[in-house]
Amino acid sequence: MALLLSLLCTLCLVGQVLGQDMPYEEYMAQIQACPKECRCPPNFPRAVYCDNKALKSIPKIPTHTWYLYLQNNLIEVLSADALRNATQLRWLNLNRNKISSEGVEEGVLSTMSHLAHLYMDDNLLSSVPSPLPASLEHLLLSRNRISKIPAGVFIGLDKLNLLDLQGNKLMDEHVTEVSLKGLNNLVQINLAKNQLSSMPLGLPPTTTQLFLDGNNIEKIPAGYFKSLPKVAFLRLNHNKLGSSGVPKNVFNVSSILDLQLSHNQLTEVPLIPSGLEHLHLDHNNIKSVSGAICPVAVDTLDDSINESVPRLRYLRLDGNDIKPPIPRDVILCFRLLRSIVI
């Protein structure tokens, strides 16, 4: 009976492996080469789990590994030798280690021609790693010590659509058209909690999500968003924006759906586009709100709900000096509102 159960288990595993299009010979080689410090689940043979092991160095990784988890260790060096055979990697998680820019060995990443996801949050990097593989889609480098983006580091990365650089030491001179060149298909960029004092230049027109919370930005240049025709989610919470630093029509961009300006120094509600759905203005210095904020003339609206009706559904105004009730004109304008926080 025991022999029969063993045979059935083996057949079951082989079936799962074949279901993942992994030849049995590769499967056996992968399982046998699993580092002793790591875990290689037989039912997920392309993954190697070496996380939370207090490792100080990367063990030699088997050839057929696609997913490598090395987070929460004490690794200081991203070793080319240990990863020499891991040329099939798609996913590499190195979050929460002690890797410095000097510890990223020359060419270690560029040889990974299939790598799509690279996670290096919470390390000791002082610069964006270079060179990077052209296959990269997501690059997460938050909460490091990055103060440099090497010129040309993103050239050739046409698949990169998410770049997370929040919680670093980037200043205005580090985020330029030159340093961002090559981000031709970027969708989301996170530059929150850096040391920016002005809006970043050189962002690609494909940018849909722009996160700039927790910087020192005081003003937005007129027409800034004309070069960002797809921006839909814009976060500028916890900056130093006053109403004098926000040009009258700067947010009048039809693509913007979610606008967050909480914890700034605004004294009045900025003009918003008709298609905006969520507006966060809490914790500013706004004293009143009137029908003047309506993106269309209130007297042109009838009782029906049609395409001309502003789409605002959520409005947050708490933490200001505004006293209820909300004026009738505001309610008539934003008749799709489901929640007002005041």
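Residues numbered from 1 in each chain as written. Predicted model: local features only at pLDDT ≥ 70, side-chain atom pairs only at ≥ 80, totals over all residues. Heavy atoms only, no water.

As recorded by an unreviewed UniProt entry, the chain carries the name Keratocan and is attributed to Perca fluviatilis. Its UniProt record gives the chain a comment under Sequence similarities (unreviewed entry), which states: "Belongs to the small leucine-rich proteoglycan (SLRP) family. SLRP class II subfamily." The UniProt entry for the chain carries the following text under Subcellular location (unreviewed entry): "Secreted, Extracellular space, Extracellular matrix". (UniProt positions renumbered as here; feature names shortened; annotations may be inferred.)

> Any chance you could explain the overall build of the chain here in plain terms?
Helices and strands together make up the secondary structure of the chain, namely 3 helices and 13 strands. Taken over C-alpha atoms, the radius of gyration comes to 26 Å for the chain, far larger than the 20 Å a tight globule of 342 residues would show. Taken across its 342 residues, the chain has 49% of its residues classed as buried. Taking all contacts inside the chain whose residues are at least 6 apart in sequence as the whole, residues at least 24 apart take part in 48%. Of the roughly 16300 Å² of accessible surface on the chain, a fraction of 53% belongs to carbon and sulfur atoms. Each charge class in the chain can be summarised by its mean position, and for the 31 positive and 31 negative side chains these summaries are 3 Å apart. (Helix = DSSP H or I, 4+ residues; strand = E, 2+ residues; numbered from the N terminus. Rg over C-alpha atoms; globule rule 2.2 N^0.38 Å. Buried < 20%, exposed > 50% of the residue type's maximum accessible area, 1.4 Å probe, protein only. Contact = heavy atoms within 4.5 Å. Areas by Shrake-Rupley, 256 points an atom, 1.4 Å probe, with all protein chains shown as cover. Lys, Arg positive; Asp, Glu negative; His and termini not counted. Charge placed at Lys NZ, Arg CZ, Asp CG, Glu CD.)

> Hey, could you run me through the packing of aromatic side chains in this one?
Think of a pair of aromatic rings as described by two things: how far the centres are apart, and how the planes are tilted against each other in angle. Under the criterion given, the structure shown has 7 aromatic pairs. Seen in terms of ring centroids, F225 and F251 are 6.0 Å apart; in terms of plane orientation they differ by 35°. Their pairing is tilted. Here the residue F225 occupies a position in the loop between strand 8 (209–211) and strand 9 (233–235), and F251 occupies one in the loop between strand 9 and strand 10 (258–260), the gap between them amounting to 26 residues. Residues F225 and F251 agree in their burial class; the two are buried. What links up through ring pairs into an aromatic cluster is the set F44, W66 and Y67. (Phe/Tyr/Trp six-rings, centres within 6.5 Å; stacked < 30°, edge-to-face > 60°.)

> Would you explain the pattern of salt bridges in this entry?
Opposite charge on two side chains permits them to pair, given that their charged atoms come into close proximity. For the coordinates displayed, the defined rule picks out 8 salt bridges. In this structure, D122 and R143 form a salt bridge, with 2.9 Å as the shortest nitrogen-oxygen distance. Separated by 21 residues along the polypeptide, D122 in the loop between strand 4 (117–119) and strand 5 (138–140) and R143 in the loop between strand 5 and strand 6 (162–164) bring together distant segments of the chain. For D122, a relative accessible area of 23% gives the class partly exposed. Each of K60, D81 and R84 takes part in a single network of salt bridges with overlapping partners. (Salt bridge = Lys/Arg side-chain N within 4 Å of Asp/Glu carboxyl O.)

> Please clarify how the environment of G167 should be interpreted in this entry.
Structurally, the position occupied by G167 is in the loop between strand 6 and strand 7 (188–190). The exposure class assigned to G167 is partly exposed, which follows from its relative accessible area of 22%.

> Can you walk me through the UniProt feature "domain: LRRNT" (unreviewed entry) in the chain in this structure?
Feature annotation in UniProt assigns "domain: LRRNT" (unreviewed entry) to the following positions: residues 33–67. Secondary structure content for residues 33–67 is 0% helix and 11% strand, and the end C-alpha separation is 15 Å.

> Would you mind showing me how to read the nonpolar core here?
As a rule of thumb, nonpolar side chains are buried together in soluble globular proteins. If you look at the biggest cluster of nonpolar residues, it comprises 87 residues, and the most contacted ones within it are L83, L92, L109, V128, L139, F154 and F225. Other than its neighbours up to four places away in sequence, F154 contacts V128, L139, I149, L160, L163, S179, L180, K181, G182 and L183. (Core = buried A, V, L, I, M, F, W, Y, C linked by side-chain atoms within 4.5 Å.)

> Got a minute to help me understand the side chain of N123 in this structure?
By secondary structure assignment, the location of N123 is in the loop between strand 4 and strand 5. A relative accessible area of 4% places N123 in the buried class. Polar side-chain contacts of N123 include one of 3.4 Å to the backbone nitrogen of N97. Of note is the side chain of N123, whose polar atom sits 3.2 Å from the backbone oxygen of D121. (Polar contact = N/O pair within 3.5 Å; in protein donor to acceptor, adjacent residues only side chain to side chain.)

> Help me out: how do you make sense of a nonpolar patch on the surface in this one?
Together, I331, I340 and I342 give the surface a local cluster of nonpolar side chains, amounting to about 220 Å² of exposed area. When its relative accessible area of 40% is taken as the criterion, I342 is described as partly exposed. (Patch = residues over 30% accessible without salt bridge, like charges linked within 9 Å, V, L, I, M, F, W, Y side chains within 5 Å.)

> Looking at this model, I keep getting lost on the state of the cysteines. Mind explaining?
Linking two cysteines covalently via their sulfur atoms produces the bond known as a disulfide. Evaluation of the coordinates by the stated rule reveals 3 disulfides. Bridging C38 to C50, the disulfide has an S-S length of 2.0 Å. Around the S-S axis, the bridge from C38 to C50 shows a dihedral of about 105° and counts as right-handed. Residue C38 is found in the loop between helix 2 (24–32) and strand 1 (47–49), and its partner C50 is found in the loop between strand 1 and strand 2 (67–69); the two are separated by 12 residues along the sequence. Side by side, C38 and C50 carry an identical accessibility label, which is buried. Here C294 engages in a disulfide with C333; their sulfurs sit 2.0 Å apart. Between C294 and C333, the disulfide has an S-S torsion of 85° and is therefore right-handed. Of this pair, C294 sits in the loop between strand 11 (278–280) and strand 12 (314–316) while C333 sits in helix 3 (residues 328–333), and the two are 39 residues apart along the sequence. The class of C294 is buried, set by a relative accessible area of 10%. (Disulfide = S-S within 2.5 Å.)

> What exactly am I supposed to notice about the environment of V178 here?
Its place among the elements puts V178 in the loop between strand 6 and strand 7. As for V178 and C34, which are separated by 144 residues in sequence, their C-alpha atoms are 43 Å apart. Among residues more than four places away in sequence, those in contact with V178 are A151 and G152.

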